[in-house]
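Chain residues, written in single-letter form:
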Amino acid sequence: GKIPATLIPGDGIGPEITAAVTRVLDALGAPFEWDLQQGGMAGIQSAGDPLPGALIDSIRRTKLALKGPLTTPVGGGFRSVNVRLREEFGLYANLRPVKTMVPGGRYEDIDLVLVRENIEGLYVAFEHFIQVGDDPHAVAISSGVNTHAEARRIVRFAFEYALAHGRKKVTVVHKANVLKALTGLFLQAGREIAKEYEGRIAMDDRIVDACAMQLVMNPWQFDVIVTTNLFGDILSDQMSGLVGGLGMAPGANIGEKAAIFEAVHGSAPDIAGKGIANPLALLLAAGLMLKHVERDDLASKLRTAIEQTLQVDNVRTADLGGKVSTADFAGAVIKRLA
Ligand code: NAI
Ligand code: MG
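Residues numbered from 1 in each chain as written. Chains lettered and ligands numbered in written order. Predicted model: local features only at pLDDT ≥ 70, side-chain atom pairs only at ≥ 80, totals over all residues.

A. Here's a closer look at the overall build of the protein chain. Helices and strands together make up the secondary structure of the protein chain, namely 11 helices and 12 strands. Taking 338 residues into account, the globule formula puts the C-alpha radius of gyration at 20 Å, and the protein chain, at 20 Å, falls close to it. Expressed as lengths along the three principal axes of its C-alpha atoms, the size of the protein chain is roughly 60 × 55 × 40 Å. A burial count over the protein chain gives 49% of its 338 residues as buried. Long-range pairs, those at least 24 residues apart, make up 72% of the contacts in the protein chain with a sequence separation of at least 6. (Helix = DSSP H or I, 4+ residues; strand = E, 2+ residues; numbered from the N terminus. Rg over C-alpha atoms; globule rule 2.2 N^0.38 Å. Buried ≥ 20, exposed ≤ 12 C-beta atoms within 10 Å, placed from the backbone. Contact = placed C-beta atoms within 7 Å.)

Quick look at the structure:
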């Protein structure tokens, strides 16, 4: 039967890549019955709200969404709709796999998974300014929040993922030398949970700055990485660079009340409207969504078609050194599905 799911095209390149992805999913025979909803700038335009009630209601009903990127203004304006959605639906785990699919890049045989804590840390954004003299913004203050319970839950998620997917090691990434409370607690939770998996899944830890260097020098030493919200945001963009860039990196936001699948990248205003964006990150996210609804058969059929398009047909978008458009890339994948 059909599975109701919310579809949010989003901003910038969002509508272009969403159109490409839904075409491919139709050709694949994916079981989703889309409920189209607007959010972000598109939500402001259509409903006067970056996070319209209709969008929330839709996800509350479907518990499942495929989401294009949503633009968040820098500085003032409204709070990130992505962050608010993660909070609203308790999407505590952000799963971000990176895998080499295009040979001949800077790195070969990359196959890593980053698990990002998705609702705590510095992204709770308890922020304010303090006025000194006549400067209202003389001092900026931000407090992060990590809880023992949430840290244990996300680390457990990483270990369970490792077990279920034949992975060997979980690396806990932190800054416990400086942020002794905020990320020391995270490391402590990592050590506690690791004991339960002793003999099955190995555990080690890294300080985030050294980890960033090691990801460039020798990324193969890692397997599954679990880390706090801000570090996970940064490291996942970095890790996408190991496999060809942001056009290759999918993400799954998973919680008890819903799951939202999206690309790691944003709305890419620099290339929006040109029809040249790589739809693969969102297409791979749709693959994660198919696995989530236990259609592994369709997910692997999709992956094979993508690999053949990239590796046999040599059809690639500009970010991967190719020259086809977003729509033509989708067309090439559809040909491989036939
Ligand atoms: P971005 O990820 O949109 O773009 C960074 C660079 O990567 C740009 O040069 C862009 O052209 C390129 N790029 C990204 N996706 C691509 C694709 N599919 N194909 C080819 N090239 C691609 O990051 P930026 O510019 O910092 O952010 C733009 C907006 O997106 C901001 O408003 C930000 O808040 C928002 N954003 C939204 C996210 C979400 O909805 N989950 C995640 C990240 C950013
Ligand atoms: Mg990010």
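So, next bit.
B. Structural context of the domain arrangement of the protein chain. For the protein chain, the assigned domains read domain 1 (1–97 + 246–338) and domain 2 (111–241). Every contact between the two is made by 16 residues of domain 1 and, on the other side, 16 residues of domain 2. Those elements that provide at least two residues to the side of domain 1 that touches domain 2 are α4 (81–88) and β4 (93–99). If you tally residues by element for the side of domain 1 that touches domain 2, the top one is β4, at 5 residues. Class assignment of the residues belonging to the side of domain 1 that touches domain 2 gives a composition of 10 nonpolar, 3 polar and 3 charged. (Domains from an automatic or database assignment. Nonpolar A, V, L, I, M, F, W, Y, C, P; charged D, E, K, R; others polar.)

C. Quick look at the UniProt feature "domain: Isopropylmalate dehydrogenase-like" (unreviewed entry) in the protein chain. As annotated by UniProt and renumbered to match this structure, "domain: Isopropylmalate dehydrogenase-like" (unreviewed entry) occupies residues 2–333. Here residues 2–333 is 39% helix and 23% strand, with 23 Å between the C-alpha atoms at its ends. (UniProt positions renumbered as here; feature names shortened; annotations may be inferred.)

D. Molecular detail of the pairing of β4. For β4, the tally of buried residues reaches 6 of 7 residues, placing the bulk of the element in the interior. Of the strand pairs in this sheet, β4 and strand β11 (residues 250–254) are connected by 3 bridges, and their pairing is antiparallel. Bridging from a neighbouring strand, N94 pairs with N253 of β11. (Pairing = 2+ DSSP bridges.)

E. Examining helix α11 (residues 326–337) more closely. End to end, α11 covers 17 Å across 12 residues, agreeing with the expected 16 Å (1.5 Å per residue, within 8%). Residues T326, F329, A330, A332, V333 and R336 constitute the buried set of α11. Seen end-on, α11 carries its buried residues on one side only, within an arc spanning 160°. If you follow the buried residues of α11, they end up packed against α1 (14–28) and α10 (296–311). (Expected span 1.5 Å × (residues − 1). Arc of directions from axis to C-beta.)

F. Layout of helix α9 (residues 280–292). Compared with an ideal rise of 1.5 Å per residue, which puts 13 residues at 18 Å, α9 spans 18 Å between its outermost C-alpha atoms and is within 8% of the ideal. Most of α9 is tucked away: 11 of the 13 residues are buried. Listed as buried for α9 are L280, A281, L282, L283, L284, A285, A286, G287, L288, M289 and L290. Next to the buried residues of α9 lie α1, β3 (64–67), β11, β12 (259–263) and α10. Phi for E294, located one or two positions after α9, is positive at around 60°.

G. Representation of the packing of helix α5 (residues 148–164) against helix α6 (residues 184–196) in the model. Between α5 and α6, the least distance of the axes is 8 Å, while the angle of their chain directions is 50°. Here α5 lies oblique to α6, going by the angle between them. The handedness of the crossing between α5 and α6 comes out as right-handed. Contacts between α5 and α6 involve H148, A151, R152, V155, R156 and F159 from the first element and L185, F186, A189, G190, E192 and I193 from the second. Taken together, the residues that form the contact of α5 with α6 break down as 7 nonpolar, 2 polar and 3 charged. (Axes fitted to C-alpha atoms, helices over the stretch in contact; angles between N-to-C directions. Parallel < 35°, antiparallel > 145°, perpendicular 65-115°, else oblique. Left-handed = near helix turned anticlockwise from the far one by under 90°.)

H. Here's a closer look at the packing of α1 against α9. In contact at an axis separation of 9 Å, α1 and α9 are set at 45° when each is read in the N-to-C sense. Considered as vectors, α1 and α9 are oriented oblique to each other. The element α1 and its partner α9 pack so that their crossing is right-handed. Two secondary-structure elements touch here, α1 through I17, T18, V21, V24 and L25 and α9 through L282, L283 and A286. Grouping the amino acids of the contact of α1 with α9 by side-chain chemistry returns 7 nonpolar, 1 polar and no charged.

I. Geometry of the environment of I207. Note that I207 resides in strand β9 (residues 202–207). Among the residues examined, I207 registers 15 C-beta atoms within 10 Å and is labelled partly exposed. Each C-alpha atom, one on I207 and one on K169, is 16 Å from the other, the two residues being 38 residues apart in sequence. Residues within four places of I207 in sequence aside, it is in contact with H174, K175 and N177.

J. The arrangement of the environment of T228 in detail. Position of T228 among the secondary structure elements: in the loop between β10 (224–227) and α8 (229–240). Non-local contacts of T228, meaning those with residues more than four positions away in its chain, are made with E117, G121, N146, H174, T183 and F186.

K. Molecular detail of the sheet that holds β4. Spatially, 10 strands are ordered β2-β1-β3-β12-β11-β4-β5-β10-β8-β9 in an open sheet, and the strand pairing comes out mixed. A single partner strand is all that each edge strand has here, and the edge strands are β2 (32–36) and β9. Within the sheet, the average angular offset between the axes of one strand and its neighbour, ignoring direction, is 25°. In this structure, strand β1 (residues 3–8) lies alongside β2, joined through 5 bridges in parallel fashion.

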